[in-house]
Amino acid sequence: MKAANKQLAEWDAELNQLHERNGDLGLKVQMLEQELKEVQRDREANKNSAPTVAEFPEPADLLNRLKARRKKSRADLADMEAVLEILSYLEESD
């Protein structure tokens, strides 16, 4: 009988420890859920405040700026159009 009571006492102590651990884990889950909500709110706020579309100059204007800075540049209008197309594609993928 003493052995059975001892075993029951051990199981009771182990059960209490598991209940404490479960409570701690529940609290940790609540904290992580709150942190996740805050991060999601911050992310939404950042997304809403950031400009979504950059305004690029016209290809001819860009070519003129390039020629003003680099007189010997061999770029032409088609090159500028390609560069602007690449930039707009990169911005869309962000």
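Residues numbered from 1 in each chain as written. Predicted model: local features only at pLDDT ≥ 70, side-chain atom pairs only at ≥ 80, totals over all residues. Heavy atoms only, no water.

Let's shift gears to the overall build of the protein chain. When helices and strands are tallied, the protein chain shows 3 helices and 0 strands. When the helices and strands of the protein chain are placed in sequence order, the string is α-α-α. The globule rule puts the C-alpha radius of gyration for 94 residues at 12 Å, and the 32 Å found for the protein chain is more than 25% above it. Along the first, second and third principal axes, the C-alpha atoms of the protein chain reach 100 × 25 × 20 Å. Relative to its full complement of 94 residues, the protein chain shows a buried share of 7%. (Helix = DSSP H or I, 4+ residues; strand = E, 2+ residues; numbered from the N terminus. Rg over C-alpha atoms; globule rule 2.2 N^0.38 Å. Buried < 20%, exposed > 50% of the residue type's maximum accessible area, 1.4 Å probe, protein only.)

For the rest of this paragraph, the subject is helix α2 (residues 59-69). When we look at burial in α2, the residues that qualify are P59, L62 and L63. Buried residues of α2, seen end-on, are gathered within an arc of 100° and therefore sit on one face of the element. For α2, exposure combined with an orientation more than 90 degrees from the buried face picks out N64 and R65. (Arc of directions from axis to C-beta.)

Here L87 shows up in helix α3 (residues 77-93). Counting along the chain gives 55 residues from L87 to L32, while the straight-line C-alpha distance between them is 38 Å.

Below, the discussion takes up the confidence of the model for the protein chain. Per-residue confidence for the protein chain gives a mean pLDDT of 87; residues scoring 70 or more make up 93%. Within the protein chain, α2 carries the highest mean pLDDT (92), whereas α3 carries the lowest (86). (pLDDT = per-residue confidence, 0-100.)

It is worth spelling out the nonpolar core at this point. Grouped together as the largest cluster of nonpolar side chains are 5 residues: L62, L63, A75, M80 and L84. Elements with a minimum of two residues in this core: α2 and α3. Here L84 is in contact with F56, P57, E58, P59 and L62, once residues within four sequence places are set aside. (Core = buried A, V, L, I, M, F, W, Y, C linked by side-chain atoms within 4.5 Å. Contact = heavy atoms within 4.5 Å.)

Residue placement: S73 occurs in the loop between α2 and α3. A polar atom in the side chain of S73 sits 3.3 Å from the backbone nitrogen of A75. Those residues within four positions of S73 in sequence are excluded, and the remaining contacts are L66 and K67. (Polar contact = N/O pair within 3.5 Å; in protein donor to acceptor, adjacent residues only side chain to side chain.)

This brings us to a negative patch on the surface. Taken together, D76, D79, E81 and E85 make up a surface patch of like negative charges. Tracing the backbone shows E85 in helix α3. The exposed category is assigned to E85, whose relative accessible area is 59%. (Patch = residues over 30% accessible without salt bridge, like charges linked within 9 Å, V, L, I, M, F, W, Y side chains within 5 Å. Areas by Shrake-Rupley, 256 points an atom, 1.4 Å probe, with all protein chains shown as cover. Salt bridge = Lys/Arg side-chain N within 4 Å of Asp/Glu carboxyl O. Lys, Arg positive; Asp, Glu negative; His and termini not counted. Charge placed at Lys NZ, Arg CZ, Asp CG, Glu CD.)

Our next topic: the environment of L32. Tracing the chain through its elements places L32 in helix α1 (residues 2-49). Look at L32 and you get partly exposed, because its relative accessible area is 49%. Distance in space between the C-alpha atoms of L32 and A78 is 52 Å, their sequence separation being 46 residues.

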